[in-house]
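# Descriptive analysis of the structure
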Amino acid sequence: MREDFLLDTNLSRVPGLESEILVVGSGVAGCSAAIAAAQAGASSVLVLAKASADMTATDHAQGGIAVALGTDDSIEQHFADTLSAGAGLCDEDAVRKLVADGPGRVRDLISWGAAFDRENGELARTAEAAHSVRRVLHASGDATGREIQRALLSKMLSLEAVTVVPSHFTVDILHADGECFGALAVNVNNGALMRVSSRATILATGGLGQVYRETTNPGIATGDGPAMALRAGAQLADMEFVQFHPTTLYLAGAPRFLISEAVRGEGALLLNSRGERFMPRYHDMAELAPRDVVSQSIVKELAKTGGNCVFLDLKGMSPELVNRRFPNIRDICADFGLNILRDPIPVRPSAHYAMGGIRTDLSGRTCVRRLLAAGECASTGVHGANRLASNSLLEGLVFGTTAGETAWREAGENSAARKFPARHTSSGVAQRKVHIDVGDLQRSLKSLMWRTAGVFRTGTDLELTVRQLAFWQEYACREEFPDPAGLELQNMLAVARAIANSALNRTESRGAHQRQDFPALNDQAWKHHTVITKHDLSR
């Protein structure tokens, strides 16, 4: 696999910036980290955004943010629901931190101007799958992420210490002897390299859903953070646990637009191609079963009925409720000729969220000194084998804030001059121009992962996938690409191989990881996290 940025770069010749704290990513975790670092005392926090600062997975999030703020709710209930959804693999200390810190972080967000929906002056709360009470806050009906992104960006940009640099793709972590010194980035508009020196670096790059053909993730979600961290010597954990959202719009020519879990929480029913409700046959919580159960049930129902999608029926819901709670879903479906008050919505599962990622402790630290991670690109163990619905935005707030505070402590402890690596090189492999069609290889990768590492998996398929990915890496990761698309491809290959390797090694079924050749849960052998390093992928 590719070890580092392929150019043999003399860093002294690369224009550079210096910052006490570097944050890579501007979604909920990145913004939270930057705000926390600045409020903790950092005088310079640099945020690198791959595109515009508001083009993030956070901005796409519909359903809401889960937090125990209701009088009928408690931190203990939220804790128990999260553990239950995680299929025995949640780290309890991480979950305790999530649910205990969550109310304070959400109150901060409200104080910064986040306008959550209210009913009779109180915060409106809805139900989602596997929650025992209505605890999910939402904004503008089904545009919660957009409102959270807006409020966080507004707060972050009001802080004098924070500088945001958009349209800069972070190519690699600059590191030597197990220590991070910053990052190398490229301006996506003109190809100019930029070196950022920092005392502490936080990766908050979001997800990896673009390695799958069917995904709810925006195009920027190419697994850049985990791939960079892996090359720098960090560990990845639980990469086999990729959550497939059960209900995404399935129409020819339409984007795989997510139909929020809250739609089922408000009473929508799932029907098969014969018009039959089927979820009660698979789980006693029916449409509100955990996401892994609903996704697996839909795939089984498709195999049974021969259809290529199932249908989400909202006809039992009042028009007033639908129009108030789901205006964005209503309008998107209307663009494709569907009146959701009358027409059932064709849906099927798509890759949605990575439970695994860069392995960190509860403070956000990785095993590489002065390199931290937070949000979807990180793995604290909080989600276990299957994320509880709407815990992701809360995770970004809680662990992003902690990572920012930790980074400032790390920076303060290491303020003395440090040796900076003079060069950033590949592993000595000679570069060859092989004229790769990046788009074609990306499509092949996405199709392969969807077929063999999707909702259901087998050892035979995964073995073939690991070999195929390794073969593609042999030539794709020796190419010196002139633009970020090729670098994204290399990152996608790295994280796809980590997913496939981890899925092959875990010979059981648990949560979002379902092996048809090992259908049973095996606590005796597998009630632990899987960990992978770059050396595991170089064999």
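Relevant structure appears above.
Reference entry: report on the structure contained in this document. (Residues numbered from 1 in each chain as written. Predicted model: local features only at pLDDT ≥ 70, side-chain atom pairs only at ≥ 80, totals over all residues. Heavy atoms only, no water.)

All right, on to the sheet that holds strand β4 (residues 65-66) then. Taken in spatial order, the three strands line up as β4-β8-β7 in an open sheet, and their pairing is antiparallel. Single-partner strands in this sheet number two, and they are β4 and β7 (125-126). Looking at chain direction, β4 and strand β8 (residues 136-137) are connected through two bridges and run antiparallel. Looking at β8, one finds that Ala66 is bridged to Val136. (Pairing = 2+ DSSP bridges. Helix = DSSP H or I, 4+ residues; strand = E, 2+ residues; numbered from the N terminus.)

Looking now at the environment of Ala496. Structurally, Ala496 is set in helix α14 (residues 484-505). Note: C-alpha distance between Ala496 and Phe336 (160 residues apart in sequence) is 32 Å. Excluding residues that lie within four positions of it along the chain, Ala496 makes contacts with Val211, Leu445, Met449 and Leu469. (Contact = heavy atoms within 4.5 Å.)

Our next topic: the sheet that holds strand β20 (residues 378-379). Strand order in this open sheet of four strands is β20-β18-β13-β22, and the pairing throughout is mixed. Either end of the sheet is taken by a strand with one partner, and the two such strands are β20 and β22 (531-532). Note that strand β18 (residues 357-359) and β20 share two bridges and pair parallel. Residue pairing for β20: Ile358 is matched across the bridge by Ala378. Sitting on the sheet, helix α6 (residues 224-231) touches β13 (236-237), β18 and β22, and the angle it makes with β18 is about 40°. (Axes fitted to C-alpha atoms, helices over the stretch in contact; angles between N-to-C directions.)

Residues of helix α10 (residues 327-335) that are buried: Pro327, Ile329 and Cys333. All buried residues of α10 fall inside an arc of 165° around its axis, so they share one side. (Buried < 20%, exposed > 50% of the residue type's maximum accessible area, 1.4 Å probe, protein only. Arc of directions from axis to C-beta.)

Our focus in this paragraph is the pattern of salt bridges. Counted by the stated rule, this structure contains 33 salt bridges. Among the ionic pairs, Arg135 bridges to Asp73, the shortest N-O distance being 2.8 Å. Here Arg135, found in the loop between β7 and β8, pairs with Asp73, found in the loop between β4 and α3 (75-85); they are 62 residues apart in sequence, far enough to count as distant. Here Arg135 and Asp73 have matching classes, each one buried. (Salt bridge = Lys/Arg side-chain N within 4 Å of Asp/Glu carboxyl O.)

Turning our eyes to something else, we now look at the packing of aromatic side chains. Applying the stated rule across the entire model yields five aromatic pairs. Centroid distance Tyr212 to Phe244: 5.5 Å. Interplanar angle 80°. Geometry classified as edge-to-face. Note that Tyr212 is positioned in the loop between β12 (193-203) and α6 and Phe244 in strand β14 (residues 242-249), a separation of 32 residues in sequence. Given a relative accessible area of 0%, Tyr212 falls into the buried group. Considering the side-chain rings of Phe471 and Tyr475, the 5.6 Å spacing of their centres and the 80° angle between planes classify their relative orientation as edge-to-face. Taken as a pair, Phe471 and Tyr475 lie in helix α13 (residues 459-476) at a separation of four residues, close to a single helical turn. Every member of this aromatic cluster is reached through a ring pair, and the members are Tyr212, Phe244 and Trp450. One residue, Arg96, lies across the ring of Phe79, its end atom 4.0 Å from the ring centre. (Phe/Tyr/Trp six-rings, centres within 6.5 Å; stacked < 30°, edge-to-face > 60°. Lys NZ or Arg CZ within 6 Å of the ring centre and 35° of its normal.)

On to the side chain of Asp172, then. Within the fold, Asp172 resides in strand β10 (residues 168-176). On the accessibility criterion, Asp172 (1% relative accessible area) is buried. For Asp172, the side chain forms a polar contact with the side chain of Arg231, separated by 2.9 Å. (Polar contact = N/O pair within 3.5 Å; in protein donor to acceptor, adjacent residues only side chain to side chain.)

Among the eleven residues that make up β12, nine are buried, leaving the element largely enclosed by the rest of the structure. In this structure, strand β2 (residues 16-24) lies alongside β12, joined through eight bridges in parallel fashion. By the bridge assignment, Ile21 is partnered in β12 with Ala200. Bridge count between strand β11 (residues 179-187) and β12: five bridges; the pairing is antiparallel. Looking at β12, one finds that Ala185 is bridged to Met194.

Look at helix α12 (residues 438-452) against α13: their axes get within 10 Å of each other, and the N-to-C directions meet at 165°. Put simply, α12 runs roughly antiparallel to α13. The handedness of the crossing between α12 and α13 is left-handed. Where α12 approaches α13, its residues Leu441, Ser444, Leu445, Leu448, Met449 and Thr452 are matched on the opposing element by Asp461, Leu462, Thr465, Gln468, Leu469, Trp472, Tyr475 and Ala476. (Parallel < 35°, antiparallel > 145°, perpendicular 65-115°, else oblique. Left-handed = near helix turned anticlockwise from the far one by under 90°.)

In this section: the packing of α13 against α14. Contact geometry for α13 and α14: axes closest at 9 Å, N-to-C directions at 155°. One way to sum up the angle between α13 and α14 is to call them roughly antiparallel. Between α13 and α14 the crossing geometry is left-handed. Only Gln490, Leu493, Ala494, Ala496, Arg497, Ala500, Asn501, Ala503 and Leu504 of α14 make contact with α13, whose side of the interface consists of Gly459, Leu462, Glu463, Thr465, Val466, Leu469, Ala470, Trp472, Gln473 and Ala476. Here the residues of the contact of α13 with α14 sort into twelve nonpolar, five polar and two charged. (Nonpolar A, V, L, I, M, F, W, Y, C, P; charged D, E, K, R; others polar.)

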